[in-house]
Amino acid sequence: MTITQWFIFFLAVQVIHFLGTWKLYVRAGRQAWEAAVPVYNAVVLMKIINRPWWWTILLFVPIVNLIMFPVVWTETARSYGFNTYKDTALVVLTCGLYLFYINYGTDAAHIKDKDRNPKSNSGEWVSSILFAIVAATIVHTYFMQPFTIPTSSLEKTLLVGDYLFVSKFHYGARTPMTTIATPMLHDAIPVINKKSYVSSPELPYFRLPGFQNIKQNDIVVFSWPVDTLTVITDPSSEAIYKPVDKKSNYVKRCVGLPGDSLEVRDGFVYTNGVRNKLPDRARLQFSYKFTSKEPFVTQNEIGQYAAPTPFLSSRYDVSDIYLDAYDKDTRVSTQIAQMTDEAYQKFSNNASVININPIEIPNVVNSNLFPPRSGHDWSVQNYGPIYIPEQGKTVAITPASIPFYERIIEVYEGSEMGIANDIQVNGNQVTLNGAPITEYTFKQDYYWMMGDNRHNSQDARMWGYTPYTHVVGKPVFVWFSLDPNKKGFFNRIRWDRVFTTVGGDGALTSYRYHFLVLLVLYFGFNFFRKKKKKA
């Protein structure tokens, strides 16, 4: 929906509210016109139902308002004596239209000093649960969101099995675009595996101010710009549509900023001709092929990546391993592993390793890399140079350059913003919505997101730029971590990673004991406060 359509919808809701409640306002000692003034009518209604004025704010918070509107409808009915289970069911099932009956079909007087507290234990439980959901949804949406690391693309900095807190306020919280969704669930409901939201109507994109810009080498959580790679590599395939705020969440390192010229040489990133210097906690991994007298994965894992044995993980710092072949007669196995330079040096000295060599990935014309149909002979190891678009900057548009910017114009600055942009290439001419164009000015900033696991990371080299509209937040804290390669719950806990910071330099420092002390103080304070209140 456009802003104009939302404005018309808002006015229609105000008219319905006035027609259904103006008599109730009068019975409460207010003026009829007060039911017609947008926003002010909600503030007055809070006084009528004996609830705090700031509930009005919650009525305008997406997702949260799905809970608050039924609560306010129910409280309004109860303020005029309609407080049975039947009344509550009718007011909720009719989406508040039951108030029309109370307004026109009854002479029920307003209960001025209505008790705020629920009349039963079940009512108290429902009230507590509802407002716990409201509070958690606000925190989850605008302040801090939990996130799990599912893949090894940032291995050695963030590990598979890390549970993070992602700050929404560092880069500015992005308000929800979906208006109807299950609170705190992303794109699917667990167990039943069904969509947790309704795609339409959508709110326009909006982001609250942040106090920090994305810096080079920041680890960033973002909405994956494409929901399936076939959208990029095969434009004729069917795309999977999701609103921006319901796209799959990815976490990568931002190695390229708006306005940068970026190139990958032998797996190392160069921006504006200078090699990127990573933080000391970041360690790049590359692919190595080796033969050994014994396999480090089981024979039934031939042809697929597998988790390394605990022996490899702890001693040699290997994150992924692939059993390429196994000779039963000689019992010699050929394997591929992702490892750091330090791990490679250690691994070379293993008595069972016959030989080990780095894998060179050849450049291929028209490979499944971004941009499609560009004609460049690039690879994940040697890629670019490529320009990262910056808001307000203008680039030349030609048949040779349009593969880089086609998705930006049609999707990120087109359909996702409610604009029907259409790019066509006819010979030596490029048209936008039927009109020839020779240049384009970008409407927002873009970023280049890559993993530290350089040969085994699905990142920007496959799908291109990440728009600022897709930025979710900044990981700041690892609050829990489980090693997927071990058995038993307590044996799997990586205690040295529990309550550690994501950023910073030097060795990891766990703050778990500090947290436990604060937790004990918190519960102790609550215990003595309740005891004192009871006395």
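Residues numbered from 1 in each chain as written. Predicted model: local features only at pLDDT ≥ 70, side-chain atom pairs only at ≥ 80, totals over all residues. Heavy atoms only, no water.

Looking at the overall build of the chain
Item 1. Looking only at helices and strands, one finds 14 helices and 28 strands in the chain.
Item 2. Projected onto the principal axes, the alpha-carbon positions of the chain cover approximately 90 × 70 × 40 Å.
Item 3. Of all 535 residues assigned to the chain, the portion counted as buried reaches 45%.
Item 4. Relative to all contacts within the chain whose residues are 6 or more apart in sequence, the contacts with residues 24 or more apart total 66%.
Item 5. Roughly 27700 Å² of accessible area belongs to the chain as shown, and the carbon and sulfur atoms make up 60% of that amount.
Item 6. With 53 positive and 44 negative side-chain charges, the chain shows a separation of 12 Å between the mean positions of the two kinds. (Helix = DSSP H or I, 4+ residues; strand = E, 2+ residues; numbered from the N terminus. Buried < 20%, exposed > 50% of the residue type's maximum accessible area, 1.4 Å probe, protein only. Contact = heavy atoms within 4.5 Å. Areas by Shrake-Rupley, 256 points an atom, 1.4 Å probe, with all protein chains shown as cover. Lys, Arg positive; Asp, Glu negative; His and termini not counted. Charge placed at Lys NZ, Arg CZ, Asp CG, Glu CD.)

As for the nonpolar core
Item 1. Counting residues in hydrophobic clusters, the biggest one holds 43 residues, and the most contacted among them are Ile397, Tyr405, Trp448 and Tyr465.
Item 2. Elements with a minimum of two residues in this core: strand E7 (219–223), strand E8 (249–256), strand E9 (261–265), strand E19 (383–387), helix H11 (402–412), strand E22 (429–432), strand E25 (446–450) and helix H12 (460–463).
Item 3. Per-element tally for this core: the top contributor is H11, with 7 residues.
Item 4. Core analysis: the next-biggest nonpolar cluster, separate from the first, contains 30 residues, Leu45, Ile48, Leu58 and Val72 among them. (Core = buried A, V, L, I, M, F, W, Y, C linked by side-chain atoms within 4.5 Å.)

Remarks on the sheet that holds strand E21 (residues 423–426)
Item 1. The antiparallel open sheet is built from 3 strands, whose spatial order is E21-E22-E23. Looking at strand neighbours, the two that pair on one side only are E21 and strand E23 (435–436), the edges of this open sheet.
Item 2. Bridge count between E22 and E23: 2 bridges; the pairing is antiparallel. The residue bridging Leu432 from the neighbouring strand is Ala435, located in E23.
Item 3. Its contacts with the sheet put H11 on E21 and E22, and the angle it makes with E21 is roughly 150 degrees. (Pairing = 2+ DSSP bridges. Axes fitted to C-alpha atoms, helices over the stretch in contact; angles between N-to-C directions.)

Digging into unusual backbone geometry
Trans peptide bonds make up most of the peptide bonds, and negative phi angles are found at most residues other than glycine.
Item 1. Here the residue pair Phe370 and Pro371 is connected by a cis peptide bond, since its omega of -5 degrees sits within 30 degrees of zero.
Item 2. Within the element layout of this structure, Pro371 appears in the loop between strand E17 (364–365) and strand E18 (377–378).
Item 3. Geometrically, the link from Gly384 to Pro385 is a cis peptide bond, its omega value of 10 degrees lying close to zero.
Item 4. Locating Pro385 in the fold gives a position in strand E19.
Item 5. Positive phi, normally seen in glycine, also occurs at Asn50, with a value near 60 degrees.

Some details on helix H1 (residues 3–27)
Item 1. With 25 residues, H1 extends 36 Å between its outermost C-alpha atoms, agreeing within 8% with the 36 Å of an ideal straight helix rising 1.5 Å per residue.
Item 2. The principal kink in H1, of about 55 degrees, is found at Thr21.
Item 3. For H1, the set of buried residues is Trp6, Gln14, Gly20, Thr21, Leu24 and Tyr25.
Item 4. Next to the buried residues of H1 lie helix H2 (40–48), helix H4 (64–78), helix H6 (98–105), strand E3 (178–181) and strand E6 (197–202).
Item 5. Phi turns positive one or two residues past the end of H1, at Gly29, with a value near 85 degrees. (Expected span 1.5 Å × (residues − 1). Bend = angle between axes of the 7 residues up to and from the residue.)

Concerning the confidence of the model for the chain
Item 1. Averaged over all residues, the pLDDT of the chain is 85; the fraction at 70 or higher stands at 90%.
Item 2. The low-confidence segment residues 229–235 (pLDDT under 50) makes 16 contacts with residues lying over four places distant or belonging to another chain. (pLDDT = per-residue confidence, 0-100.)

Focus on the pattern of salt bridges
Item 1. For the structure shown, the criterion picks out 10 salt bridges.
Item 2. With a closest N to O distance of 2.8 Å, Asp452 and Arg253 form a salt bridge. Of the two residues, Asp452 is situated in the loop between E25 and H12 and Arg253 in strand E8; the sequence distance between them amounts to 199 residues. The pair Asp452 / Arg253 is uniform in exposure class, with both members buried.
Item 3. Each of Asp162, Asp483, Arg494 and Arg497 takes part in a single network of salt bridges with overlapping partners. (Salt bridge = Lys/Arg side-chain N within 4 Å of Asp/Glu carboxyl O.)

Observations concerning the sheet that holds E9
Item 1. Taken together, the 4 strands give an open sheet; going across it, the order is E11-E10-E9-E19, and neighbouring strands pair in antiparallel fashion. Across the chains shown, the open sheet's two edge strands, defined by having one partner strand only, are strand E11 (274–275) and E19.
Item 2. Here strand E10 (residues 268–271) runs beside E11; their pairing, made up of 2 bridges, is antiparallel. When the bridges of E11 are listed, Tyr270 appears paired with Arg275.

Things to note about H2
Item 1. Listed in full, the buried residues belonging to H2 are Asn41, Ala42, Val44, Leu45, Met46 and Ile48.
Item 2. Buried positions along H2 lie against H1, helix H3 (55–58) and H4.
Item 3. Positive phi appears at Asn50, one or two residues downstream of H2, with a value of about 60 degrees.

Comments concerning the pairing of strand E12 (residues 286–292)
On a regular strand, each side chain points to the face opposite its neighbour's, so the side chains alternate between the two faces of the sheet.
Item 1. E12 sits mainly inside the fold: 6 of its 7 residues count as buried.
Item 2. In terms of strand pairing, E12 meets strand E15 (residues 332–339) through 7 bridges, oriented antiparallel. Across the sheet, residue Ser287 finds its bridge partner in E15, namely Gln338.
Item 3. As defined by bridge partners, E12 adjoins strand E16 (residues 353–358) across 5 bridges and the pair is classed as antiparallel. Residue pairing for E16: Lys289 is matched across the bridge by Asn357.

Considering the packing of H4 against helix H5 (residues 85–93)
Item 1. At their nearest, the axes of H4 and H5 sit 9 Å apart, and the two run at 135 degrees to each other. With respect to their mutual orientation, H4 and H5 come out oblique. Viewed along their axes, H4 and H5 form a crossing whose handedness is right-handed. Along the contact surface, H4 presents Pro70, Trp73, Thr74 and Arg78, while H5 presents Thr88, Val91 and Val92.
Item 2. For the contact of H4 with H5, the residue count by class is 4 nonpolar, 2 polar and 1 charged. (Parallel < 35°, antiparallel > 145°, perpendicular 65-115°, else oblique. Left-handed = near helix turned anticlockwise from the far one by under 90°. Nonpolar A, V, L, I, M, F, W, Y, C, P; charged D, E, K, R; others polar.)

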